[in-house]
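Per-entry structural report
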Amino acid sequence: MATTMEVRTVAERLAPGAVPLWVQPEWEARFPWLAQGTTGRGSGGEPFDLGLSGAQPVGRTMDRWRALVAATEMHAAVHARQVHGADIWIHRDAGSPGILVMDGFDGHVTDRRCVLLSVGVADCTPVSVVDPETRVVALVHAGWRGTAAGIVERAINRIVESWQSAPERLWLHCGPSICGACYEVGPEVHAAINPHLAVPTENTPIDVRAAIAERALGMGLPAEQVSVSGHCTRCGEPDFFSHRAGSKARQMGVLGIRDSA
Ligand SMILES: [Zn+2]
């Protein structure tokens, strides 16, 4: 089996335009039919906060959502209030125009065009999975709890089982999130994420993205099709919101299939 040592680090780059969207450049070249990336803080005076549970005026927040949907040339966006679980919703229709906010899901799958999947993050990892042959896409919110609960494996299984795909066809990218140096956690988190490793006795940093990549390789994805963001939300430039750095704002990992696909 391939090892995580073979997984590439790829730094998203800020796409031109009014909306701060950081796109995975290799995927942009390889999969031009995808709308993909993670929103950032933006450089204007007002941070590009897309969080729906904070204290931001809802009208301003929804203006930013509409700008995101327009900038990605999508017809609809879907989002869910996340619960750090492993439940995934399959979007099987084209969706009504506008923005749908569901309850209680941490992942989304679709093969419909112009439906922008979204997960809110600020240190947790937005994980994108793509089958280029059937053009099915999955996007999940993977914090340590969701990762331990197997949300990444479930997303891969949903694509494989529902679309007769195969793990060796899939591509996976872990977006901007907290890095392995910044995320100091207790022994219980190490035990939950890396049950096969020795558990430290005191608070120790953990690399959740490496654990996600390892799980993807364990599911049969080829290492050359798995990549990890070069951005840390905590210690990098202040391009992203970081919960651990005290921000209550949220960026969105996004993934959708363009109409011209
Ligand atoms: Zn860091």
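Read on for a plain summary of the structure. For clarity, every value in this text was computed on a predicted model and none was experimentally measured.

1. Regarding the overall build of the protein chain
When you go through the protein chain residue by residue, the secondary structure sums to six helices and 16 strands. Relative to the 2.2 N^0.38 estimate, which gives 18 Å for 261 residues, the radius of gyration of the protein chain is 17 Å and therefore close to what a compact globule would have. Expressed as lengths along the three principal axes of its C-alpha atoms, the size of the protein chain is roughly 50 × 45 × 30 Å. Relative to its full complement of 261 residues, the protein chain shows a buried share of 45%. Considering only intrachain contacts with a sequence separation of at least 6, the fraction spanning at least 24 residues in the protein chain is 64%.

2. Observations regarding the pairing of strand β9 (residues 115-121)
Across the seven residues of β9, seven count as buried, placing the element largely inside the fold. Residues Val-115, Leu-117, Val-119 and Val-121 of β9 are buried on one face, and the alternating residues Leu-116, Ser-118 and Gly-120, pointing to the opposite face, are buried as well. Here β9 runs beside strand β16 (residues 251-257); their pairing, made up of five bridges, is antiparallel. What sits directly across from Val-119, in β16, is Gly-253.

3. Things to note about the nonpolar core
Val-129, Val-137, Val-140, Val-152, Ala-155 and Ile-212 are the most contacted members of the largest nonpolar core, which totals 64 residues. Excluding its chain neighbours within four sequence positions, the residues that come into contact with Val-129 are Val-137, Ala-138, Ala-155, Ile-156, Ile-159, Leu-170 and Leu-172.

4. Quick look at helix α6 (residues 208-218)
Across the eleven residues that make up α6, a large majority, nine, are buried. All of the buried residues along α6 are Val-208, Arg-209, Ala-211, Ile-212, Ala-213, Glu-214, Arg-215, Ala-216 and Leu-217. Directly beyond the C-terminal end of α6, a positive phi value near 105 degrees is found at Gly-220.

5. Observations concerning the sheet that holds strand β10 (residues 125-131)
In sheet architecture, strand pairing relies on hydrogen bonds along the backbone and comes in two forms, parallel and antiparallel. What the seven strands build is an open sheet, ordered β1-β15-β12-β10-β11-β8-β6; its pairing is mixed. Edge positions in the sheet fall to β1 (8-10) and β6 (88-91), since each of these pairs with one other strand and no more. When the angles between neighbouring strand axes are averaged without regard to direction, this sheet yields 20 degrees. As paired elements, β6 and strand β8 (residues 107-110) share four bridges and run parallel to each other. Of the residues in β8, the one forming a bridge with Ile-90 is Val-109. Taken strand by strand, helix α4 (residues 151-162) contacts β6, β8, β10 and β11 (136-142), and its axis lies near 165 degrees from that of β11. Sheet strands touched by α6: β10, β11, β12 (171-174) and β15 (226-229). Its angle to β15, the strand with the most contacts, is close to 170 degrees.

6. Quick notes on the environment of Asn-203
One can find Asn-203 in the loop between α5 (187-193) and β14 (204-205). In this structure, the C-alpha to C-alpha distance between Asn-203 and Ser-43, residues 160 residues apart in sequence, is 35 Å. Those residues in contact with Asn-203 that sit more than four places away from it in its chain are Glu-184, Val-185 and Gly-186.

Criteria and thresholds
Residues numbered from 1 in each chain as written. Predicted model: local features only at pLDDT ≥ 70, side-chain atom pairs only at ≥ 80, totals over all residues. Helix = DSSP H or I, 4+ residues; strand = E, 2+ residues; numbered from the N terminus. Rg over C-alpha atoms; globule rule 2.2 N^0.38 Å. Buried ≥ 20, exposed ≤ 12 C-beta atoms within 10 Å, placed from the backbone. Contact = placed C-beta atoms within 7 Å. Pairing = 2+ DSSP bridges. Core = buried A, V, L, I, M, F, W, Y, C linked by C-beta atoms within 7 Å. Axes fitted to C-alpha atoms, helices over the stretch in contact; angles between N-to-C directions.

The values reported here are purely geometric and, on their own, carry no functional implication.
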